Amino acid sequence: MKAETLLQEARALETEIIKNRRYLHRHPETGFDTGVTAAYVKKQLEAMGYEAAACGRSGITALAGGKKDGPVFLIRADMDALPMAEEADVDFPSETPGKMHACGHDMHTAMLLGAAKLLKAHESEINGTVKLMFQSAEEIFEGSHDMIEAGVLKHPDVDAALMIHVMGGMPMPAGTAIVCDGGVSAPGADYFTIQIQGKGCHGSMPNNGIDPINAAAHIIIALQEIHTRELALSDEAVLTFGRIQGGGASNVIPDTVELGGTIRTYDEEVRAFIKTRMAEIARHTAAAFRASASVSFGSGCPCLSNDPELAVATLSYAKELLGQKAMSVGELNALSGAKKPPKTAGSEDFAYVSQEVPSIMIALAAGNPQNGYCYTQHNPKVKFDEAALAEGSALYAYAALRWLEDHAGENKTESEGTVL
């Protein structure tokens, strides 16, 4: 397969890819509640000739190739939106109140559908199998893990995996691909809740109660000491409080206070240490003020780790396809004059896949501020440049085809099996 040919074919599909993207953008869904989106994806795949199947609570998967023995390469797109009202100036705005595709997952899904069509057209050339993974609930860090538990990496067993994430507000041409270097590129994340139990009373008689607001204030301050006094200089981490809830009247000391926030780390040992110390400090600090406290952790994800060998290979494939519009993070770092390779502070639940099989993350520029794309992800005014869609579809397909070509004959799998 010639890179130039595949890219031309992807560009010929641009109108169709844009049509899919705009439908998805107008019908955003959040979390696992992506029934309309999943049904649309399944319908499009079946129209191409795929046997699409449900996987987990709301994921969709399908297989391309399998006519030749060989390894299995997985390419993934997320489908869910965010619970926020759209303010972007687009001709195809969200039709669902309070929800919008502010992270570009509509772009990802449309690009993977485009890649699916390219792969189907070249199915006889696939040296093994390409597994398509469409997942929900990325924004709450649960969809990828859910599909893994349901067997997405099995039947047939996946040998390597790739994801693409569009980036808004990036000062470079749309369709520029930045391949992560080996190692961690996105932090592990945990959402936490701290419940503080006091004893309510009249505000004029604090001696008759136990003030959970006072205990909460000291807990907030005490937990910042983890970062400043218990972690080494090289232990990059952030602990953020984003929510304080307690009380309803100015002259009443409430019975309880609830704190909420998140932690981000680039190291699993640091992540575990912070969680342990949070529970200890919160409990003992509350006790010092006669209250009690408990810490619970909700949805989260581990660090996203990029396989060094796959990173080198993927960069070479991207350069074959896109030429100078492909670069590594290290090359981007050299161009920008930065002294330290950049890491994203946003977490990504594809990390669960990266903990199981060699994986790679690619950032795809999809909005240059010079062209009016001034906002980044998770902003209600964010827009993404659809000029990146064809390159994204081609990159999904070409990277899978080339990796399987390079590994033809390795880790042979059954050509038939349950689609998960």
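None of these values were measured; they are calculated from a predicted model.

Draft legend 1. Looking closely at the sheet that holds strand β13 (residues 292-301). What the four strands build is an open sheet, ordered β10-β12-β8-β13; its pairing is antiparallel. Sheet topology places β10 (237-245) and β13 at the edges, where each strand pairs with a single neighbour. Along the sheet, successive strands turn relative to each other by an average axial angle of 20 degrees, direction set aside. Bridging between β10 and strand β12 (residues 256-265) involves eight bridges; their strand directions are antiparallel. Its bridge partner being in β12, alanine 237 is matched across the sheet by threonine 265. Here helix α7 (residues 268-288) sits on the sheet and contacts β8 (188-197), β10, β12 and β13; the angle it forms with β13, its principal contact strand, is near 160 degrees.

Draft legend 2. Inspection of the pattern of salt bridges at higher detail. Under the defined criterion, the tally for this structure stands at 22 salt bridges. The salt bridge involving arginine 76 is made with glutamate 348; its shortest N-O contact spans 2.5 Å. Taken as a pair, arginine 76 in strand β3 (residues 72-78) and glutamate 348 in the loop between α9 (329-336) and α10 (351-354) lie far apart in primary sequence, 272 residues in all. Grouping residues by exposure puts arginine 76 and glutamate 348 together as buried. Each of the salt bridges in this network shares a partner with another, and the network as a whole consists of Arg21, Arg22, Asp106 and Glu386.

Draft legend 3. Just the layout of surface pockets, in detail. Of the volumes computed, that of the largest pocket is approximately 490 Å³. Lining the largest pocket are 27 residues; nearest its centre among them are Cys103, Gly346, Ser347, Gln377 and His378.

Draft legend 4. Region of the structure containing the packing of aromatic side chains. Tallied over the entire structure, the rule returns four aromatic pairs. Look at tyrosine 23 and tyrosine 40: their rings are 4.1 Å apart centre to centre, the planes differ by 15 degrees, and that puts the pair in the stacked class. With a gap of 17 residues between them, tyrosine 23 in helix α2 (residues 14-26) and tyrosine 40 in helix α3 (residues 35-48) connect regions that are remote in the sequence. Residue classification places tyrosine 23 among the partly exposed positions, given a relative accessible area of 23%. On the basis of relative accessibility, which here comes to 13%, the residue tyrosine 40 falls in the buried class. Directly above the aromatic system of tyrosine 50 lies the positively charged group of lysine 120, at a separation of 4.3 Å from the ring centroid.

Draft legend 5. Representation of helix α6 (residues 212-230) in the model. With 19 residues, α6 extends 26 Å between its outermost C-alpha atoms, agreeing within 8% with the 27 Å of an ideal straight helix rising 1.5 Å per residue. Here α6 has its buried residues at Pro212, Ala215, Ala216, Ile219, Ala222, Leu223 and Ile226. Of the surrounding secondary structure, the elements contacted by the buried residues of α6 are β8, β10, β11 (252-253), β12, α7 and β13. Its side-chain oxygen placed 2.9 Å from the backbone nitrogen of isoleucine 213, aspartate 211 serves as the N-cap of α6.

Draft legend 6. Layout of the side chain of asparagine 306. One can find asparagine 306 in strand β14 (residues 304-306). Here serine 185 takes part through its side chain, which lies 2.8 Å from a polar atom of the side chain of asparagine 306. Each residue touching asparagine 306, except ones within four places of it in the same chain, is listed here: Cys180, Asp181, Gly182, Gly183, Val184, Ser185, Ser359, Ile360 and Met361.

Draft legend 7. Region of the structure containing the sheet that holds strand β1 (residues 53-55). Reading across the sheet, the eight strands line up as β1-β2-β4-β3-β5-β16-β6-β15 and stay open at both edges, with mixed pairing between neighbours. Both outer strands of the open sheet, β1 and β15 (326-328), are each paired with one neighbouring strand and no more. Taking each pair of neighbouring strands and ignoring which way they run, the sheet shows an average axis angle of 25 degrees. With three bridges connecting them, β1 and strand β2 (residues 59-65) associate as antiparallel partners. Among the inter-strand pairings, alanine 53 is bridged to a residue of β2, identified as threonine 61. Here α3 sits on the sheet in contact with β2 and β4 (129-135), set at roughly 15 degrees to β2. Most of the contacts of helix α11 (residues 389-406) go to β3, to which it runs at about 160 degrees, and overall it touches β3, β4, β5 (160-167), β6 (177-179) and β16 (359-365).

Draft legend 8. Region of interest: the pairing of β8. Of the pairings in the sheet, the one linking β8 to β12 comprises ten bridges and is antiparallel in character. Residue aspartate 190 lies in a different strand from β12, and its bridge partner there is isoleucine 263. Sheet topology places β8 next to β13; eight bridges connect them, and they run antiparallel. In the sheet register, alanine 189 faces β13, and the bridge partner there is cysteine 301.

Thresholds, definitions, all that
- Residue positions are given per chain, counting from 1 as you read along its sequence in written order.
- Local features in a predicted model are, by the rule used here, given only for residues with pLDDT of at least 70; side-chain atom pairs are given and counted only at 80 or more, and totals for whole chains, interfaces and linings are based on all residues.
- By convention in this description, side-chain values take in all heavy atoms of the structure and omit both hydrogens and water.
- Two strands make a pair as long as DSSP finds a minimum of two bridges between them.
- Secondary structure elements are taken from DSSP: a helix is a run of H or I of four residues or more, a strand is a run of E of two residues or more, and numbering for both begins at the N terminus.
- Lines fitted to the C-alpha atoms define the axes, with helices restricted to the stretch that makes contact. Angles between their N-to-C directions range from 0 to 180 degrees.
- Any two residues having at least one pair of non-hydrogen atoms within 4.5 Å are treated as being in contact.
- The working definition used for a salt bridge is a side-chain nitrogen of Lys or Arg within 4 Å of a carboxyl oxygen of Asp or Glu.
- Only protein chains enter the calculation, and the probe is 1.4 Å; a residue is then buried if its accessible area is under 20% of its type maximum, exposed if over 50%, and partly exposed in between.
- Both site types are read off a 1 Å grid over the protein atoms alone. A 1.4 Å probe that fits but cannot get out defines a cavity, while an open set with protein on both sides within 12 Å along at least five of seven lines defines a pocket; lining residues have an atom within 4 Å of a point.
- Grid points are joined across faces, edges and corners, and a volume is the space filled by probe spheres set on the points.
- Two aromatic rings, drawn from Phe, Tyr or Trp (for Trp, its six-membered ring), form a pair once their centres lie within 6.5 Å of each other, and the interplanar angle then sorts them: stacked below 30 degrees, edge-to-face above 60, tilted otherwise.
- The criterion is that NZ of a Lys, or CZ of an Arg, lies within 6 Å of the ring centre and within 35 degrees of the ring normal, and then a charge sits over that ring.
- Every helix has an expected span of 1.5 Å times one less than the residues it contains.
- The term polar contact refers here to a pair of N or O atoms within 3.5 Å; inside protein, the definition further demands a hydrogen-donor-capable atom paired with an acceptor-capable atom, and it admits residues adjacent in sequence only when both atoms are side-chain atoms.

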